[in-house]
Amino acid sequence: MIGKLTGRIEYRASDHLLIDVRGVGYLVFCSDHTLAGLPATGEAVSLYTDLVVREDLMQLFGFPTLVEKEWHRLLMSVQGVGAKASLAILGTLGPDGVGRAIALGDWNAVKAAKGIGPKIAQRIVLDLKDTAPGVMAMGGTMAAAQGTKPAQPEDEVIEAAPVAAPASQGSSSAQAEALSALSNLGYAPGEAAGAVAQAAGQSPEAQTPDLIRAALKLLAPKG
């Protein structure tokens, strides 16, 4: 299994790029969002990858963070969602947006991705509502890995410029920490994720303590 590649961009196309890793070229397919954040041709890059193997096809898909890679794998676990559909969803919503849409049951947001119909969008929200909080919680523990410079072989040093970090990286970490705190307080993962997602949507720049307070207010019994 090829889990990560670090090399130089040989060329770029509309949906993929060729990464030269010490003389071996790897074709890596990426979302529009990921491609837009990559450095120019000839420069160094590092991507986490997922290898899809079928009887007549092998394809590598690249992601700037481990969290986005895990969302890709989770989305593909839904019946009817292939790699291209997953990339379309991640390219449209980003990993934070996918988590928020699933937590809030907002299948219309998922449907906004190219090629995703209402039935598939509803199935994604329903099938992943219980497992999505686990990936959402990864944001805090993996935030440090998103800009980590990989070790290189002694005989060739590739100075890989980090892929442009998502603007919501801090927000993702805060949401993950708030979700963990609510889970420790005894709230079910689904209801905790929904409250955190709603609170983050109302205050995108809120830090962890503010998100926890806002989510607790949303979870408080009404009456």
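The sections below set out a description of the structure shown in this document. (Residues numbered from 1 in each chain as written. Predicted model: local features only at pLDDT ≥ 70, side-chain atom pairs only at ≥ 80, totals over all residues. Heavy atoms only, no water.)

Bringing the pairing of strand β3 (residues 24–29) into the picture now. In the sheet, strand β2 (residues 16–21) pairs with β3 via 6 bridges, with the strands oriented antiparallel. Paired with D20 across the strands is G25, a residue of β3. Linking β2 back to β3 in an antiparallel pair, the connection comprises 2 residues, with R22 at a positive phi of about 55 degrees. (Pairing = 2+ DSSP bridges. Helix = DSSP H or I, 4+ residues; strand = E, 2+ residues; numbered from the N terminus.)

A few words on the packing of aromatic side chains. Evaluated as defined, the whole model comprises 1 aromatic pair. Between F29 and F61, the ring centres sit 5.9 Å apart and the planes meet at 40 degrees, which makes this aromatic pair tilted. In this pair, F29 sits in strand β3 while F61 sits in strand β5 (residues 57–63), placing the two residues 32 residues apart along the sequence. Like F29, the residue F61 is buried in the burial classification. (Phe/Tyr/Trp six-rings, centres within 6.5 Å; stacked < 30°, edge-to-face > 60°. Buried < 20%, exposed > 50% of the residue type's maximum accessible area, 1.4 Å probe, protein only.)

All right, on to empty space enclosed by the protein then. The tally for this structure, following the rule as stated, stands at 2 cavities of 30 Å³ or more. Within this model, the largest cavity holds a volume of roughly 80 Å³. Taken together, 12 residues form the lining of the largest cavity, with P95, D96, M136, S172 and Q175 sitting closest to its centre. Of all the secondary structure elements, the ones that give two or more residues to the lining of the largest cavity are α2 (66–76), α3 (83–104), α6 (132–136) and α8 (169–184). Ranked by the residues each element gives to the lining of the largest cavity, the list is headed by α3, at 4 residues. For the lining of the largest cavity, the class distribution of residues is 6 nonpolar, 4 polar and 2 charged. (1 Å grid on protein atoms, 1.4 Å probe; cavity = no way out; pocket = protein on both sides within 12 Å on 5 of 7 lines; lining within 4 Å. Points joined across faces, edges and corners; volume = space filled by probe spheres on them. Nonpolar A, V, L, I, M, F, W, Y, C, P; charged D, E, K, R; others polar.)

Take the sheet that holds strand β4 (residues 44–54) next. Hydrogen bonds along the backbone pair up the strands of a sheet, which may run parallel or antiparallel. On the basis of which strands lie adjacent, the closed barrel formed by 5 strands has the order β1-β2-β3-β5-β4 and mixed pairing. For this sheet, the mean inter-axis angle between neighbouring strands, taken without regard to orientation, is 55 degrees. On the sheet, α2 packs against β4 and β5 and is oriented at approximately 15 degrees with respect to β4. (Axes fitted to C-alpha atoms, helices over the stretch in contact; angles between N-to-C directions. Contact = heavy atoms within 4.5 Å.)

Summarising the element assignment, I116 is placed in the loop between α4 (107–111) and α5 (118–128). Each residue touching I116, except ones within four places of it in the same chain, is listed here: A85, I89, V110, K111 and A121.

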